[in-house]
Amino acid sequence: MGRIFVVELDGRSYRCKFCGVHLAMPHDLASESFHCRRGKAYLFTNAVNITMGALEERMMLSGMHTVADIFCCCCGQIVGWKYEAAHEKSQKYKEGEFVLERGRIVGDMDLSTEIFADTGFV
Ligand SMILES: [Zn+2]
């Protein structure tokens, strides 16, 4: 369930840590050095297999933004948020982009070491 939206990913992708579904591709990675209140995060220009929560105004380190939490469409875990609008001109580049929290996704480099190996694709 939910995999129907997955496109060909050429073997490399970032996946939900909880259920292993694809969430984003490396070529959509805009920044690896993003930080949020809960720690490191990645900024992507696109994400798949997600559902969005309600829009809300949220104060970030970089100013006020209109954001929506995003959830994995398969397991329902929150995985990050989407920037709908930035109030600061200098932050406009983030509009329409997705933040995936580092602690909630796994990438290629983690596949051999994380719990994911025991819980994925059954
Ligand atoms: Zn999931």
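Report follows, based on the coordinates. (Residues numbered from 1 in each chain as written. Predicted model: local features only at pLDDT ≥ 70, side-chain atom pairs only at ≥ 80, totals over all residues.)

1. Some points on the sheet that holds strand 7 (residues 78-86)
With antiparallel pairing, the six strands of this open sheet are ordered in space as 3-4-8-7-6-5. Lying at the two open borders of the sheet, with one neighbouring strand each, are strand 3 (29-36) and strand 5 (50-60). Ignoring strand direction, the axes of neighbouring strands in this sheet form an average angle of 30°. (Pairing = 2+ DSSP bridges. Helix = DSSP H or I, 4+ residues; strand = E, 2+ residues; numbered from the N terminus. Axes fitted to C-alpha atoms, helices over the stretch in contact; angles between N-to-C directions.)

2. Let's talk about the nonpolar core
C16, L23, A47, C72, V79, L100 and I105 are the most contacted members of the largest nonpolar core, which has 23 residues in total. Within the residue set of this core, elements represented by two or more residues are strand 1 (14-16), strand 2 (22-24), strand 4 (39-44), strand 6 (63-72), strand 7, strand 8 (98-101) and strand 9 (105-106). Looking at this core element by element, the count peaks at four residues for strand 7. Every residue in contact with L23, bar those within four places of it in the chain, is listed here: Y14, R15, C16, A47, V48, N49, I50, C72, V79, L100 and I105. (Core = buried A, V, L, I, M, F, W, Y, C linked by C-beta atoms within 7 Å. Buried ≥ 20, exposed ≤ 12 C-beta atoms within 10 Å, placed from the backbone. Contact = placed C-beta atoms within 7 Å.)

3. Thoughts on the environment of F71
Inspection of the secondary structure assignment puts F71 in strand 6. For the pair F71 and G53, spaced 18 residues apart in the sequence, the C-alpha separation amounts to 7.5 Å. With residues near it in sequence (within four places) discarded, F71 still touches I50, T51, G53, G76, Q77, I78 and V79.

4. Examining the environment of T66
Looking at the element boundaries, T66 is found in strand 6. A tally of 15 C-beta atoms within 10 Å means that T66 is categorised as partly exposed. Sequence separation between T66 and H87 is 21 residues, and the spatial gap between their C-alpha atoms is 7.9 Å. Non-local contacts of T66, meaning those with residues more than four positions away in its chain, are made with L55, E57, E84 and A85.

5. Here's the deal with unusual backbone geometry
Of note, the phi angle at N49 is positive, near 60°, even though the residue is not glycine. Structurally, N49 is set in the loop between strand 4 and strand 5.

6. Brief notes about the pairing of strand 5
Relative to strand 6, strand 5 is paired through nine bridges, and the arrangement is antiparallel. Residue E57 lies in a different strand from strand 6, and its bridge partner there is T66. What sits between strand 5 and strand 6 in their antiparallel hairpin is a turn of two residues.

7. Description of the pairing of strand 3
With five bridges joining them, strand 3 and strand 4 adopt antiparallel strand pairing. In the sheet register, H35 faces strand 4, and the bridge partner there is K40. Here strand 3 folds back onto strand 4, and the loop between the two strands holds two residues.

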